[in-house]
Structures are given as C-alpha cells and as structure tokens.
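# Remarks on the overall topology
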Amino acid sequence: MTESLIKHNVTSFTDDKFQKLLNTNNNTPRFNISFIQKLINDKLQLTPTSIRILFKLITYTDVTGEIHAGQGLSEIEATMIVRHDTFIQGLDRLIKYGFVLKKNGNYFLASDLFTTYQSELTNGRFLYFDNYAVLQDDAVMGDLTLNDMRLLLHLYANRSPQMYSRTRITNLYKNNFVKNSKGLDFFDSFQDLVKSFSKLTFLGLIDLKLSYSKKYCTLLQHQNKLTGQLVLMVTPDMTMADIESIILSYYERDSRKKLGNTTSTYFLIDYRMPNTHYTNKIQNKANYSELRLLCDAYGISFDEISDSEQIGYVIGNKNMLYKLAGDFGCSLYKQALNDLFNEHKERVSTFVALERFANVLVDYYILPAIEEIILNFNNSFVDNEKFDNLCSYYQHKVSEERLMVFILENEAIIKVLLQDPNNSLKNIYDYSTYLWKKSYSNDMQQADKKNIIVFEEYKRLVKEVFANQIRYDSNLVQVYLDNNYLLKLKMQETNALEEKVKQFNFAAQALKNTYKKIILEQELSSLGESYTKYAHSLVDLLHDKIFVHSDETPMSVEEIYELTDDETRKLFSTRRTKIRIWANEYLHKFINTPTPNTKVPFYNWLEERD
C-alpha cells in the first residue's frame, strides 16, 4: 500500500475560510464614528469627566467589550487629574445612562459604542474613530469645557483630520443666517465660538487658517483679503486673549459687535489636527492588562512574561480564537488561562524561561477543551459555524500523534456525530485515518512477514503504545522542565546544580523503568491464562525477585534502566520456573482468603529513589 493510495480522497488541511479568518487584520476596539457624532450633536447627559473617562476606557477594552483596568477601574482613575469623588460621579453617570455596563463585578463598554474594525468589511465606509493619544492627555483635556470637547471632536471626526478642511463659520454656532442640520448649535454666539477656537489653538490641539470667500472680497472690494489668508501661528509668548483678538481683528469684529447677514456668511475657516497628534495613537492594552491582572490574582510575576516573546504567542491565540468563535472563543481562552495559572502558578516562570508557556496553554488546556466540545457537540450551545472553525483550529494546532489517539479512543462517538454532515469534523476524521494508514503501511513494509498483522489489530497495539507514552510524558514533563530551567539559569552554585540534575535524571530513569513492567506482564501472561488476571499485581510483588544479578544481588534502578527489551525477556526466561512458583504462592494466598474488599498488596518500587 503506497502513501499516494492512502491519501486518495482525503481532504488535506487547506480550509480557505479558516485561512482567510486568520489573515484578517487584528481586531482593535475603537469608537464608532456614529457614537462620536452623537456625542457632538446630541445631549447625551455626559459631563466632561465622563467623556474623559470614556476616552481612557477604550484602550482597556478588549474585543468582547470587557474593560481590564483593575478593581473599580482604579488604573484609569490613577492616570486622571481628578478627585476620587468626581471620578466616581463621572463613572456612575456612564453606568446610569448605559455607556458602561457592570456584570458580575466586571465592567463592559456598551457594544453599540465601539467597533472591532476590519478593513476588508468596510467597503470604503468611514466607520471608526482612532484612539488618539491627545484625547487621553488629562493635562490637556482637563482644561476643556464640555462645548470645547464637542467642538474638538467635530474637528477631528472626519476621514483625514490631518488635512485642512474648510467651513463657513456660521455653520459652527447658533444664528439665523444658516439653517443646516449638519452644523453645530451649542455655541450661542460668534464670540463664544471664537473663545473656544482660541483655547484649542492655544493648547496646540488644532491648526487654523482664516479667510474670506472670493465672492465677499469681490463684492466689497476687499482685494487685500482675497490674497491675504491668515495662517494663525501661535508663538510661546502668546496668550489665549491674544489669539482671540487676532481672530476678531481679522474678521474686523470686536467682541461686542454683532455680525451682519451680508458679511458673516462669507467668513471661512480652515482647520486640521496637527500631524504630531494624528500620528500619535494609543495601542490597545486590554489583552496585556488582562494577563497582568490575572497574574496579580494568582501571585505570579508578570515582568518575566512581559519581557518574553511568549506573551505575543499567548495573546495571538486569543485573537485567533476570537476571529474563529467570537466571544465564545475568548471565554474558552480565559478559562484555559485560569486553569493553567490555578494548577501551575509556581511553574509559569519555568514555562516562560523555556519558551513553552504558549505551547503548554494550547496543548494542555485549549485543545482538551475543544476535544470536549467536539465530543459533546450534540448537547452543546456552540453553533455550527463556531464548531467548524474550532475544529479547524484544532486540526491546525494538534500534533499528529495526539490526533490519532484522540480519534481512535473516541471513534464510536465521532462516527455518530458524522451522521450529521459537518465538513470540519469530517476533515479531522479523514486526516486521522490517513495518518493511521500511512503509519500502518510504513511499519508493515519494514516488518518481517511473520509479524504482519491486520490493520485493526495494529491500531489497537499502537493505541496502547501512544497511551503509555502520553502517561510517561505527563509524568516526566516537570522533571524535564525543571532540569532545563536550572541549566538555563546557569546557577553559580555548581555543586547544588549537579546534585539537582542528578536527582532529576535519576527520577527520569525510574519513570522510564516502568516500561519494563509492561514486558514482564506480557511474559507472565504467557505462562497460562490463570496468571493473566493478576499479572499487573504479580509483577509489582515479584519485581525485586526478577531483577537480580546471577549472585541474587538486586539490580539498581540505573541497571534496570540500561536493560533492553530482549535482555528483560531473557532475564525472565532464565528465572521462569522460580517465577511460576512464587506466583503460585501469591495466588494461593490471595485466592484462599478472599473478601469483598480484598486487594493484592501493592508494593511501590519507585520508593527506592527517595
């Protein structure tokens, strides 16, 4: 049987939909432009403090809307120049009017306020408002009134805020000259608007150019104004009053004079966001904050994780699960992370040092969780699309050996699930079958003819080998990790290091010797059917009588470790008669004194290593 024949009609792992999902841009929560426009034009019952809190919240918000900013959002409060009671009042207002939700002690940003922007889904539409650093600068934002903030957001809320935009001044305050639903109406007068423009310019939040329309200059023979556009340059010695005076003087108005219909509609103003502010955007820190807060909860040092590349791989898996299964994928990630920290909090630094933290999270927590979802799909609340995507993730991440054993151990359940068509699960099953047949073909081609066995028998034997190997690995994994961790740290105390390594190597050898017991059980069962039932217990009892030298002195653990499989069988064969006698004695003693709770005495030979 050749590999090409085996692979015939087996779907390989080329799920286009899965790959497209993985190739999408990272999902970064940002405010919807529609919410920003409501904040500008509608009375949303928000105070300046509430708005300042909102612009802090967005960078601590993950794709599910959960805000990771400490107990009571204390980390946000710590970055603000505000009294505690004022902060609490601002937060309470956000909660009261539904901008922030509180669930089970956790805070969430209302889902209609933000978007997880994906460029391939926008079709050129303007959907989001970037997380500009200047809007989180409390020293600047703390000086602004509510109307100042609304004007600033109006000036920033366009597709290219770093480029000059032009408007008539009469579109920006209440007046009887222009009735435009797109204009602003929260400034009562031209003078109030100029005061706000002056403050924003003084604080370096906007660049301004002042001008008149060509029509106005032609009608009133103001030719000097036609070519005399004023770029408002703010110098260090200027005050807000100076800037206000310049603007009023340019338009030939003082602070008391009312504007006439003839002239005011031709006053133009060009504005833009300074390029330094446009390019300075805050990166979302929710995923890092979530991991740091979880480390704090379990008493784990976050510094070691944050300095490692592993943090990127861990968060990358969260992003991947979100793209594939939405909020459910994030909850799966969060539960896996909690379980890992709960069971191995003292070993997380070891996993990080060995660059295995992300692998441990995926292999020992996320993949087993997905296996449970697969096996319980008929009774779960996961919809078909998420199930398909999680199956694709599983096939993408799982090792070939684990996949083979998982499918084999649960073949009956999976065949029932396959009665309902599901491409992703079928892909997993088909790929597992391909791996089994490939392994069978390779092994049988190399085997002697007398050792050729049927495929089903081969699967049973290999399953047993893999299962033992998995148990062995799980026992040895900490020995391996601790040993390598000590080596990686290069401890100065050489003697202590060598002793520690010696202990771990000894433990590893002792664990390895458990495989000799499997061989002994097989040999003992070959003595007769009556021994098969008690083979496991008898091997434990006879262990020290079997592993001895020719002079009857016991072998050390290291010597047993060095024995090959053939040498172990030969040792059994040379003592076969004595072993049969000893086994009969134990069986006679056990069978003649049966009780409901009778158990063959268990002797733990591994205690030698202690």
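As shown above, the structure is provided for reference.
Anyway, here's the lowdown on the structure attached to this text. In every chain, residue numbers begin from 1 and rise along the written sequence. Residue-level local features of this predicted model are given only where pLDDT is at least 70; pairs of side-chain atoms are given and counted only at 80 or more, and the full residue set underlies all totals for whole chains, interfaces and linings. Excluded from the side-chain calculation are hydrogens and water; included are all heavy atoms of the structure.

### Quick word on the overall build of the protein
Starting at the N terminus, helices and strands are each numbered in turn, a helix being any DSSP run of H or I of at least four residues and a strand any DSSP run of E of at least two. From N to C terminus, the protein includes 31 helices and ten strands. Within the protein, contacts between residues at least 6 apart in sequence are counted, and of these 73% link residues at least 24 apart. Here the accessible surface of atoms and residues is derived via Shrake-Rupley with a 1.4 Å probe, and residues count as covered only by protein chains that are part of the display. Entry remark: accessible area of the protein is about 32600 Å², with carbon and sulfur atoms responsible for 49%. By definition in these notes, contact holds between two residues if any of their heavy atoms fall within 4.5 Å.

### Topic: the packing of helix α3 (residues 33-41) against helix α8 (residues 146-156)
To get an axis, a line is fitted to the C-alpha atoms, and for a helix only the part in contact is used. The angle between two axes follows their N-to-C directions and goes from 0 to 180 degrees. It is at 9 Å that the axes of α3 and α8 come closest, and there the two elements cross at 140°. Relative to α8, the element α3 is oriented oblique. The hand of the α3/α8 crossing is left-handed. Only Arg150, Leu153 and His154 of α8 make contact with α3, whose side of the interface consists of Ile36, Leu39, Ile40 and Asn41. Orientation labels follow simple angle bins: below 35 degrees gives roughly parallel, above 145 gives roughly antiparallel, 65 to 115 gives roughly perpendicular, and whatever is left gives oblique. Note on convention: the crossing is left-handed when the near helix lies turned anticlockwise from the far helix by less than a right angle, right-handed when the turn is clockwise.

### Quick notes on the sheet that holds strand β9 (residues 230-232)
By definition, the strands of a sheet pair up through backbone hydrogen bonds, in either a parallel or an antiparallel sense. Criterion used throughout: strands pair if DSSP finds at least two bridges between them. If you walk across this open sheet you meet the four strands as β7-β10-β8-β9, and the pairing is antiparallel. Unpaired on one side and paired on the other, β7 (165-168) and β9 mark the two borders of the sheet. Within the sheet, the average angular offset between the axes of one strand and its neighbour, ignoring direction, is 25°. Alignment of strand β8 (residues 207-212) against β9, held across three bridges, turns out to be antiparallel. Bridged to leucine 210 within β9 is leucine 230.

### A look at the environment of asparagine 280
Along the polypeptide, asparagine 280 turns up in the loop between α14 (275-279) and α15 (286-298). For asparagine 280, a relative accessible area of 42% translates into the label partly exposed. Taking the C-alpha atoms as reference points, asparagine 280 and alanine 133, separated by 147 residues in sequence, lie 5.8 Å from one another. Residues in contact with asparagine 280, not counting those within four places in the same chain, are Tyr132 and Ala133. For the exposure calls, accessible area comes from a 1.4 Å probe over protein chains only, and a residue counts as buried if that area is under 20% of its type's maximum, exposed if over 50%, partly exposed in between.

### Some thoughts on the pattern of salt bridges
In a structure, side chains of opposite charge can pair up when their charged atoms sit close to one another. Here, a salt bridge means any side-chain nitrogen of Lys or Arg that lies within 4 Å of a carboxyl oxygen of Asp or Glu. Counted under the stated rule, the structure contains 19 salt bridges. Here lysine 415 ties to glutamate 411 by a salt bridge, and the two come within 3.9 Å at their closest N and O atoms. You can see lysine 415 and its partner glutamate 411 sitting in helix α22 (residues 411-417), four residues apart, about one turn around the helix. Relative accessible area serves as the criterion here: at 45%, lysine 415 is assigned to the partly exposed category. Taking the relative accessible area as the measure of exposure, glutamate 411 reaches 19% and is therefore buried. The closest approach of N and O atoms between lysine 578 and glutamate 552, which form a salt bridge, is 4.0 Å. In this pair, lysine 578 sits in helix α31 (residues 576-592) while glutamate 552 sits in the loop between α28 (535-546) and α29 (557-562), placing the two residues 26 residues apart along the sequence. Residue classification places lysine 578 among the partly exposed residues on the basis of a relative accessible area of 42%. According to the relative accessible area criterion, glutamate 552 is partly exposed, its value standing at 41%. One salt-bridge network, in which partners are shared between bridges, spans Arg30, Asp130 and Lys281.

### Examining unusual backbone geometry
A positive phi is found at leucine 73, a non-glycine position, where the angle reads about 60°. On the secondary structure map, leucine 73 appears in the loop between β2 (66-67) and α5 (74-78). For leucine 73, a relative accessible area of 0% translates into the label buried.

### A short note on the sheet that holds strand β4 (residues 106-109)
Here three strands make up an open sheet; going across it, the order is β2-β4-β3 and the pairing antiparallel. Looking along the sheet, the strands with just one partner apiece sit at the ends: β2 and β3 (100-103).

### A look at the packing of helix α9 (residues 190-202) against helix α12 (residues 240-250)
When two helices pack together, you describe them by how their axes are tilted relative to each other and by the distance separating the axes. Between α9 and α12, whose axes approach to 9 Å, the crossing angle comes to 130°. The orientation of α9 relative to α12 falls into the category oblique. By crossing handedness, the relation of α9 to α12 is classed as right-handed. Facing Phe190, Val194, Lys195, Phe197, Ser198, Lys199, Thr201 and Phe202 of α9, the residues of α12 in contact are Met240, Ile243, Glu244, Ile247 and Leu248. Any residue outside Ala, Val, Leu, Ile, Met, Phe, Trp, Tyr, Cys, Pro, Asp, Glu, Lys and Arg is labelled polar, Gly included; the first ten of those are nonpolar and the last four are charged. Across the contact of α9 with α12, the residue classes break down as eight nonpolar, two polar and three charged.

### As for the pairing of strand β10 (residues 267-272)
Consecutive side chains of a regular strand alternate in pointing toward one face of the sheet and then the other. Counting buried residues in β10 gives five out of six residues, a clear majority hidden from the surface. In the sheet, β8 pairs with β10 via six bridges, with the strands oriented antiparallel. Within the sheet, the bridge partner assigned to leucine 208 lies in β10 and is tyrosine 271.

Function-wise, these values are silent; they only describe arrangement.
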